[in-house]
Amino acid sequence: MVKAVICFLVVGYLIGCIHGSKVAQFLSGVDLKKAGHGNAGASNATLSLGWKYGVLVALIDIGKGVVAIVGAHFYLTDATHLTAEQTWLLTYLIAAGVILGHNFPFYMGFNGGKGTASIIGILLAVDWKIGLFALILFIILSFATNYLIVGVLEFYLVFCTATYLWIPGLGPTIITILLFAIAIILHIENIQRLINGTEPKVTSAFKKKK
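Because the structure is predicted, anything quoted here is derived from the model rather than measured.

The rules behind the values
- Residues numbered from 1 in each chain as written.
- Predicted model: local features only at pLDDT ≥ 70, side-chain atom pairs only at ≥ 80, totals over all residues.
- Heavy atoms only, no water.
- Salt bridge = Lys/Arg side-chain N within 4 Å of Asp/Glu carboxyl O.
- Buried < 20%, exposed > 50% of the residue type's maximum accessible area, 1.4 Å probe, protein only.
- Core = buried A, V, L, I, M, F, W, Y, C linked by side-chain atoms within 4.5 Å.
- Helix = DSSP H or I, 4+ residues; strand = E, 2+ residues; numbered from the N terminus.
- Contact = heavy atoms within 4.5 Å.
- UniProt positions renumbered as here; feature names shortened; annotations may be inferred.
- Phe/Tyr/Trp six-rings, centres within 6.5 Å; stacked < 30°, edge-to-face > 60°.

### Points about the pattern of salt bridges
Going through the model one piece at a time under the given rule, you end up with three salt bridges. Among the ionic pairs, Arg193 bridges to Glu199, the shortest N-O distance being 2.9 Å. Classification of Arg193 as buried rests on a relative accessible area of 16%. A cluster of three or more residues bridged by salt bridges with shared partners is formed by Glu189, Arg193 and Glu199.

### Structural notes on the nonpolar core
One finds Ile119, Ile122 and Phe155 to be the most contacted residues of the largest nonpolar core, which totals 50 residues. Counting residues per element, the ones that place at least two in this core are α1 (2-16), α3 (42-49), α4 (51-76), α5 (84-103), α6 (116-126), α7 (128-145), α8 (148-166) and α9 (171-186). It is α5 that contributes the most residues to this core, nine residues altogether. Those residues in contact with Phe155, other than ones at most four positions away along the chain, are Ile119, Ile120, Leu123, Gly131, Ala134, Leu135 and Phe138.

### Considerations on unusual backbone geometry
A positive phi angle, near 60 degrees, is found at Phe110, a position not held by glycine. Along the polypeptide, Phe110 turns up in the loop between α5 and α6.

### What about the UniProt feature "transmembrane region" (unreviewed entry) in the protein chain?
The UniProt record marks residues 53-76, 88-107 and 173-191 with the feature "transmembrane region" (unreviewed entry), using the residue numbering of this structure. Regarding residues 53-76, the helix share stands at 100% and the strand share at 0%, and the terminal C-alpha atoms are separated by 35 Å. Helix and strand shares over residues 173-191 are 95% and 0% respectively, and the end C-alpha atoms of the span are 24 Å apart.

### Side note on the packing of aromatic side chains
In this structure the tally under the stated criterion is six aromatic pairs. Seen in terms of ring centroids, Phe138 and Phe155 are 6.4 Å apart; in terms of plane orientation they differ by 90 degrees. Their pairing is edge-to-face. Taken together, the positions of Phe138 in helix α7 and Phe155 in helix α8 put the pair 17 residues apart, joining distant regions of the chain. Both residues of the pair, Phe138 and Phe155, count as buried. On the numbers, 5.6 Å between centres and 5 degrees between planes, the contact of Tyr156 with Phe180 is stacked. Taken as a pair, Tyr156 in helix α8 and Phe180 in helix α9 lie far apart in primary sequence, 24 residues in all. Both residues of the pair, Tyr156 and Phe180, belong to the buried class. Through a chain of ring-to-ring contacts, the aromatic side chains of Trp88, Tyr92 and Phe159 assemble into a single cluster.

If you want it as structure tokens, here you go:
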């Protein structure tokens, strides 16, 4: 089981290191680590390059979360020697690896994105109904408040709550809480700007030129 834990974390991390921001950089010539808030995620791509690039980066980063979870489910289907708790623990470990790889990729000096798009893909793959609900609520809250950070915090809250209520074992819940804590730490500047009224608004992304 220890070997499996390490393998799932490492595989998840390597998948997470595949960055949509690099595709955006190739197409636009803009290094997102040197633009906007210096973040290699979909939100900074949207604010720095416009909504089309934001969608591109988001789809790639969401996709890797989906691929990791679907791949884990496919692989673990034949692992009849594992209990349901162990299966879900390994599934959430590969999910954690994806987020860690996205946020701390080795080839970016361990300074990548903030994991929002990838966590969306992960929850959609874990349970598409809950994931879709959380995503719709994410969009509604982000546009209603005009701040993306509000939707981000909502999504993590739904993820943690759904995991606690419906996923067997304590491990997955602990993992989601730790991922939420990492997200809060990485978004501290956004939260501070939100409090100060200086956080970029969602509508500003649609004013960006190509």
